[in-house]
Protein chains: 2
Amino acid sequence: MSEQKTNSDTRDRILDVAERLFMENGYEATSMRMITGAAEVNLAAVNYHFGSKEALLREVFRRRLGWLNQNRLQALDRLEEQAGGGPLKPSQILEAFFGTLLRMGEDKALGGMTFLRLLGRTLTEPAEFIRTFFAGEYAEVIDRYKQALYRALPDVPQAEIVWRLHFMLGAMSYAIAGTDVLRVVTGVEVGDLAGERPVPDDDTILARRLAQRLMPFLLGGLRAPLPQFDEPAGSQKKELPTKAARESRTQI
Amino acid sequence: MSEQKTNSDTRDRILDVAERLFMENGYEATSMRMITGAAEVNLAAVNYHFGSKEALLREVFRRRLGWLNQNRLQALDRLEEQAGGGPLKPSQILEAFFGTLLRMGEDKALGGMTFLRLLGRTLTEPAEFIRTFFAGEYAEVIDRYKQALYRALPDVPQAEIVWRLHFMLGAMSYAIAGTDVLRVVTGVEVGDLAGERPVPDDDTILARRLAQRLMPFLLGGLRAPLPQFDEPAGSQKKELPTKAARESRTQI
DNA sequence: CTAACATTAAAACGAACGTTTGAACGAACG
DNA sequence: CGTTCGTTCAAACGTTCGTTTTAATGTTAG
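Along each chain, the written sequence defines residue order, and numbers are assigned to residues from 1. Going through the entries in the order they are written, you letter the chains from A and number the ligands from 1. Totals for whole chains, interfaces and linings use all residues, but because this is a predicted model, local features are given only for residues with pLDDT of at least 70 and pairs of side-chain atoms are given and counted only at 80 or more. The side-chain numbers reported here are obtained from all heavy atoms of the structure, hydrogens and water having been left aside.

Side note on the side chain of A:Arg64
All names here are of chain A.
And then number 1: A helix here means a DSSP run of H or I that spans at least four residues, while a strand means a run of E at least two residues long, and both kinds are numbered starting from the N terminus. By the element assignment, arginine 64 lies in helix H4 (residues 53-83).
And then number 2: Partly exposed describes any residue whose relative accessible area lies between the buried limit of under 20% and the exposed limit of over 50%, with all areas from a 1.4 Å probe on protein chains only and scaled to the type maximum. In this structure arginine 64 comes out as buried when scored by relative accessible area, which is 8%.
And then number 3: The contact rule is simple, with two residues in contact once any of their heavy atoms fall within 4.5 Å. Excluding residues that lie within four positions of it along the chain, arginine 64 makes contacts with Asp16, Glu19, Met104, Ala109, Leu110, Gly111 and Phe115.

Written out as structure tokens, the structure reads:
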């Protein structure tokens, strides 16, 4: 779906270019002159339209995360409504959370894989203003999904669920960032598929493949057997933080 | 003969401080003046001892990754020897790969959690010289472990294994980076445990907890049911070795 | 002691950074 | 027409960046 972006507008051109360059180089390594140069606008345009470089980055994310998290909440609303008060299946919850995100990767109007990669790389940036911003943007969504998972997995300690949500976010972030040592893999995958028929788009294929591979992995991790704690026998562990810290390596 | 007398003071102090500051601020946002100032050495000392800022970062990693990947290889050697030519268990492989890393987090002499966090955050940095460096440092280890996993999971398509190795690396990187929206979790965990007895160290506890929680998750993800491919044409996408295509790409 | 070498010190380099300024432009409107 | 107002422009601001230079200071061996 060819979307006619109003690229004639200075403001949008800056946002689009900044999104790409921040993804390619990171925030610090991307200068205002690189952005305004590539967008073919005046150097002062960023400060005029957004106020500062930090505010520009925030706006780059806001226009995408707004849509994303809103749709995540709606997806959860829909599921809970059709469940009629009962708990959801973990797979449904993961599909709503991660599927909504990964579907952005297939839609260029929503930023496509460019935004997904930017998001994955920025989530680990240590800059304080970035962390603060993300914390605010994600607060409600994370809380809602955490509650949903608590209800979906009543026998799993809540602390354990939070850890695993943490791990799932990491697996996804890293995978969509796609900067790592295994990068070639995706190339192979896409290459294998390329000659079959009229390809929609390399990034679109990648996004679909990624979703297809990632979701079973996440679900398997989420539902993995719990680590063994030394506890009084027959205890019905609720949320209680386990007392004994095991020195021994986990026997998996 | 000559000892390492020359590397005694200034050089090591720079490395220690750089490790911490790169972790806290990222590579680009950490200036030479911040490093030399905190290390209480002259500004020119970095260029004298290491040549450049890039070379400094490489050396920060080299002194840790050398130990890490060497021990990873040794651990794998040991397992394969005692298996006498047979395949290893996936849990053994993961323990060797991730356990070796996570044990660094408990040992201050090996960099402790500071280095682990730095590693997790740097793995997603887009700078070319960083990616190139990591690719070289990890090449042998990744290849060896990939082969071990292929043999341990003969019924799983190799491409799928690589994807999941990818996901596992992500879950671990993100978890040890510890910058994300769920950051509070670790604080709660550590706090719950703190008053118990003479605490080894907050970071040590965190490293142990992390290993204990992460390993079952990774194993669950690795062994999750395979995704079903709903390919329109043919659909007998059994995904056997696909020999030619696989060898066509050079591994990292 | 002296010569040679390795390290540290202070100062400066040019380049690039994010941001600000003040003028110029162009459409809108009375 | 003149005025206003949102936007764009070229130029410069002061600061900080990584690196280099040159001299001073140990340190070691002949």
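As for the confidence of the model for chain A
Residues and elements named next belong to chain A.
And then number 1: The predictor attaches a confidence to each residue, and that confidence, scored 0 to 100, is pLDDT. Looking at chain A as a whole, the pLDDT averages 84, with 79% of positions reaching at least 70.
And then number 2: Helix H2 (residues 32-39) holds the highest mean pLDDT among the elements of chain A, 98, whereas helix H9 (residues 184-194) holds the lowest, 42.
And then number 3: Across residues 231-252, where pLDDT falls below 50, the model places 36 contacts with residues more than four positions away in sequence or in other chains.
And then number 4: Across the whole predicted complex the pTM is 0.85, and at the interface the ipTM reaches 0.85.

Thoughts on helix H5 (residues 90-104) of chain B
Residues lying three or four places apart along an α-helix face the same way, a consequence of the helix completing one turn every 3.6 residues.
Residues and elements named next belong to chain B.
And then number 1: Multiplying 1.5 Å by the residue count of a helix minus one yields the expected span of that helix. Taking 1.5 Å per residue as the helical rise, H5 with its 15 residues ought to reach 21 Å, and the 21 Å between its terminal C-alpha atoms agrees with that figure.
And then number 2: By the largest-angle criterion, phenylalanine 98 marks the main kink of H5, which is about 30°.
And then number 3: Among the 15 residues in H5, 13 count as buried, and that is most of the element. The reported bend at a residue is simply the angle between two axes, fitted to the 7 residues ending at it and to the 7 residues beginning with it.

Thoughts on the nonpolar core
And then number 1: To form a nonpolar core, buried Ala, Val, Leu, Ile, Met, Phe, Trp, Tyr and Cys residues must be joined to one another through side-chain atoms within 4.5 Å. Of all hydrophobic cores here, the largest spans 156 residues; its most connected members are A:Leu56 and B:Leu56.
And then number 2: Every residue in contact with B:Leu56, bar those within four places of it in the chain, is listed here: B:Ile14, B:Leu15, B:Ala18, B:Phe22, B:Ile35, B:Val46 and B:Phe50.

So, the pattern of salt bridges
Residue and element names in this part refer to chain A.
And then number 1: Note on definitions: salt bridges are taken to be side-chain nitrogens of Lys or Arg within 4 Å of carboxyl oxygens of Asp or Glu. Under the counting rule described, the total for this entry stands at 29 salt bridges over all chains.
And then number 2: Taking the shortest distance from any N to any O, the salt bridge between arginine 63 and aspartate 16 comes out at 2.8 Å. Of this pair, arginine 63 sits in helix H4 while aspartate 16 sits in helix H1 (residues 10-25), placing them 47 residues apart in sequence.
And then number 3: Of the residues examined, arginine 63 reaches a relative accessible area of 26% and is grouped as partly exposed.
And then number 4: Residue classification places aspartate 16 among the buried positions, given a relative accessible area of 18%.
And then number 5: A salt bridge links glutamate 106 to arginine 208; the shortest N-O distance between them is 3.4 Å.

A closer look at helix H2 (residues 32-39) of chain B
Residues and elements named next belong to chain B.
And then number 1: All of the buried residues in H2 are Met32, Ile35, Thr36 and Ala39. The buried residues of H2 occupy an angular sector of 90° when projected down its axis, which confines them to one face.
And then number 2: As for H2, its buried residues are in contact with helix H1 (10-25), helix H3 (45-49) and helix H4 (53-83). In this description, the arc belongs to the directions extending from the helix axis to the C-beta atoms.

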